[in-house]
Amino acid sequence: MDNLAQLFRTLDQWVARENIRARVEGTPAYGSCSVRVLGQSALWAAGVDLTLIATQDLDAYADYEWAVQREFERLLAEDGKVLDPHGHEVWMPGETRYDPLYQGTFVEAFVADADAVLISKALKAAEKNRALVTEYLAKGASERFFELAQKYRVDLEQFV
Amino acid sequence: MTLTQSDLKTRARKRHQALRRKHRDPRFRAVMGRFVEEGLLETNIEGIVPRRRAVPLDDALWAGTVEPRIMELLPAVLVKKSTLLRLPKELPEDVVEVMHAIRHGKPMPNFRGVPPEQYLPWVIQVGRKGRSPSVLKSFRFRHDDVLRLARLRHSLPARSDTAVIRMALELLEASTAKNSPIDPS
């Protein structure tokens, strides 16, 4: 997950090349797209001070075209990763901030902020993420995390 | 919520300490090392050394109680990449049950608290990617059907009758595909 920004750069370059080819051939070019990385991958990319154990899958919200998604999946596979087909169904709080990870010509990528990711995990997959949330609480969770927990009725006592 | 933020932090610290002790357990480190080496998991836990030697199933089952992602991967590993594990002569009953269900396409049981919708996706990702175990099914064909299969096998060309049927099923499904609701769990 360390080279996620590089992966988006490679994807951006691929779209640029394909669009040059499309112009030459007179076929439709790909539009710009935006990818928002969620879940463990977002925590990894943000470099949070938490113990992370992650499977190969990457969750993301994205508005890319099908061919761009296929190339994204191919690039992920080269890195031993797989795009979670249900990643777009992940629930995130409305207050989630998406921090820039990569800004290119055709591709821009963002990562969800750690508080929002942890609230999502605490609410939707508490058992699987018990250790992660407990560690965050132990290390002193942010005020914003507690506010989000209260708003979305996350029972934090289950983690202690 | 009845505990204050400070109480939560104090209690969480104790729990976290207990978990860190488990992370230092040689069984956990060995299992993590094996799964990391295989590219199934990645972690920033210090001192986890990727290792090629198989780990005992019992240790993997215990490590799965520490890290749920290990338990989530285990059914797929047992079926698709069992060389990661050192299996005992007699497997636990629930292990046999889940392996049988995956291999034979039977209704999937929960595996030590992990529902099938969480462990099944890994079956096609572990080992030979994109492959799930094949299931034996018997059908009675008329003579005409058998001849049609043979003709299609040569004309497509396909490697086997099964490949012809697989292609036909994919085409049929694609031509009749409707948006069906997906279970988000």
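Residue numbers here run from 1 along each chain, matching the order of that chain's written sequence. Working convention: letters from A go to chains and numbers from 1 go to ligands, in the order in which they are written. Two thresholds apply to this predicted model, a pLDDT of at least 70 for residue-level local features and 80 or more for giving and counting side-chain atom pairs, whereas whole-chain, interface and lining totals are computed over all residues. Hydrogen atoms and water are omitted, and side-chain values are computed over all heavy atoms in the structure.

> Help me understand the overall build of chain A, please; the structure alone is not making it clear to me.
In DSSP terms, a helix is any run of H or I states spanning at least four residues, a strand is any run of E spanning at least two, and both are numbered starting from the N terminus. The helix and strand tally for chain A stands at 6 helices and 7 strands. What you see in chain A, going N to C, is helices and strands ordered as α-β-α-β-β-β-α-β-β-β-α-α-α. With the C-alpha coordinates aligned to their principal axes, the bounding extent of chain A is approximately 60 × 30 × 25 Å. Burial status follows relative accessibility: with a 1.4 Å probe on protein chains alone, a residue under 20% of its type maximum counts as buried, one over 50% as exposed, and anything between as partly exposed. Counting only residues that meet the buried cut, chain A has 51% of its 160 residues in that class. Any two residues having at least one pair of non-hydrogen atoms within 4.5 Å are treated as being in contact. In chain A, 70% of the contacts between residues at least 6 apart in sequence involve partners at least 24 apart. Residue burial considers only the protein chains on display, and all accessible areas are found by Shrake-Rupley using a 1.4 Å probe. Within the structure as shown, chain A displays about 7400 Å² of accessible surface, and the carbon and sulfur contribution to it stands at 47%. When charges are counted, Lys and Arg contribute as positive and Asp and Glu as negative, whereas His and the chain ends are disregarded. Lys charges are placed at NZ, Arg charges at CZ, Asp charges at CG and Glu charges at CD. Counting 17 positive and 26 negative side-chain charges, chain A places the averaged centre of each group 2 Å from the other.

> Even after reading the chapter, I still don't get the packing of helix H2 (residues 26-37) of chain B against helix H4 (residues 68-80) of chain B, so can you show me in this structure?
Residue and element names in this part refer to chain B. Structural elements are reduced to axes, namely lines fitted to C-alpha atoms, with helices fitted over the stretch in contact, and the angle between N-to-C directions of any two is expressed from 0 to 180 degrees. Interaxial distance between H2 and H4 falls to 12 Å at its minimum, and their mutual angle equals 55°. By the criterion of interaxial angle, the relationship of H2 to H4 is oblique. The two elements H2 and H4 cross, and the hand of that crossing is left-handed. In contact with Phe28, Val31, Met32 and Phe35 of H2, H4 contributes Ile70, Leu73, Leu74 and Val77. The residue classification treats Ala, Val, Leu, Ile, Met, Phe, Trp, Tyr, Cys and Pro as nonpolar and Asp, Glu, Lys and Arg as charged. All others, Gly included, are polar. Of the residues in the contact of H2 with H4, the class split is 8 nonpolar, no polar and no charged. Here the word oblique covers every angle except those under 35 degrees (roughly parallel), over 145 (roughly antiparallel) and from 65 to 115 (roughly perpendicular). For a crossing to be left-handed, the near helix must be turned anticlockwise from the far one by less than a right angle; the clockwise case is right-handed.

> Would you mind showing me how to read the pattern of salt bridges here?
Pairing between side chains of opposite charge can happen when the charged atoms of each approach one another. Here, a salt bridge means any Lys or Arg side-chain nitrogen found within 4 Å of an Asp or Glu carboxyl oxygen. Going through the model one piece at a time under the given rule, you end up with 20 salt bridges over all chains. Among the ionic contacts, a cluster of salt bridges with common partners joins A:Asp49, A:Glu135 and A:Lys139.

> I would appreciate a short explanation of the pairing of strand E1 (residues 33-37) of chain A in the present structure.
Every regular strand shows the same layout, with side chains that alternate between the two sheet faces. Residue and element names in this part refer to chain A. With respect to burial, E1 is a largely interior element, 4 of its 5 residues being buried. Of the pairings in the sheet, the one linking E1 to strand E7 (residues 107-112) comprises 5 bridges and is parallel in character. The residue of E7 that forms the bridge with Arg36 is Phe110. For two strands to pair, DSSP has to find at least two bridges joining them.

> Whenever I open this one, the pairing of E7(A) confuses me. Can you help?
Residue and element names in this part refer to chain A. Among the 6 residues of E7, 5 are classified as buried, and the element is accordingly described as predominantly covered. When strand E6 (residues 98-103) meets E7, the two strands line up antiparallel, connected through 5 bridges. Its bridge partner lying in E7, Pro100 is registered against Phe110. Count of turn residues in the E6/E7 antiparallel hairpin: 3 residues.

> When you look at the confidence of the model for chain B in this model, what are you seeing that I'm missing?
Detailed reading of the predicted coordinates is not advisable wherever pLDDT falls low. All names here are of chain B. This prediction gives chain B a mean pLDDT of 88; 91% of its residues lie at or above 70. The quantity known as pLDDT measures the predictor's confidence residue by residue, on a range of 0 to 100. Contacts for the low-pLDDT stretch residues 179-185, under 50 throughout, to residues beyond four places or in other chains number 5 contacts. Quick note on the complex model: pTM equals 0.79, ipTM equals 0.85.

> Mind showing me how you'd approach the side chain of A:Glu71 here?
The topology assignment puts A:Glu71 in helix H3 (residues 66-78). If we skip the residues at most four places from it in the chain, A:Glu71 touches A:Leu11 and A:Trp14.

> Any chance you could explain the packing of aromatic side chains here in plain terms?
Centre-to-centre distance and the angle between the planes together describe a pair of aromatic rings. Residues and elements named next belong to chain A. Side-chain rings of Phe, Tyr and Trp, where Trp is taken by its six-membered ring, are said to pair if the distance between their centres is within 6.5 Å; with planes under 30 degrees apart they count as stacked, over 60 as edge-to-face, and otherwise as tilted. One pass over the structure, following the stated rule, counts 7 aromatic pairs over all chains. A ring pair is formed by Trp14 and Tyr30, whose centres lie 5.8 Å apart and whose planes are at 20°; its orientation type is stacked. With a gap of 16 residues between them, Trp14 in helix H1 (residues 4-25) and Tyr30 in the loop between H1 and E1 connect regions that are remote in the sequence. In this structure Trp14 comes out as buried when scored by relative accessible area, which is 13%.

> Explain the interface of chain A and chain B to me, please; I cannot follow it from the model alone.
Interface size, as often reported, equals the accessible area lost upon joining of the parts. Every contact between the two is made by 34 residues of chain A and, on the other side, 33 residues of chain B. Between chain A and chain B the total buried area reaches about 3000 Å² when both faces are included, carbon and sulfur atoms providing 60% of it. Between A:Lys128 and B:Glu72 there is a salt bridge, with its nearest N and O atoms 3.0 Å apart. Here a polar contact means two N or O atoms within 3.5 Å. Within protein one must be a hydrogen donor candidate and the other an acceptor candidate, and residues neighboring in sequence count only if both atoms are side-chain atoms. Joining chain A to chain B, the criterion identifies 11 residue pairs in polar contact (both at pLDDT 80 or more). Only helix H2 (39-46), strand E2 (53-54), helix H5 (130-138) and helix H6 (143-151) of chain A provide two or more residues apiece to the side of chain A that touches chain B. Element by element, the count of residues in the side of chain A that touches chain B is highest for H5(A), at 6 residues. Here the residues of the side of chain A that touches chain B are counted per class, giving 15 nonpolar, 8 polar and 11 charged. Taken together, the 2 bridges between E2(A) and strand E1 (residues 42-43) of chain B define a ladder with antiparallel strand orientation. Paired with A:Ile53 across the bridge in E1(B) is B:Thr43. As a working definition, buried area equals the accessible area (1.4 Å probe) given up by two parts on being put together, with both sides summed.

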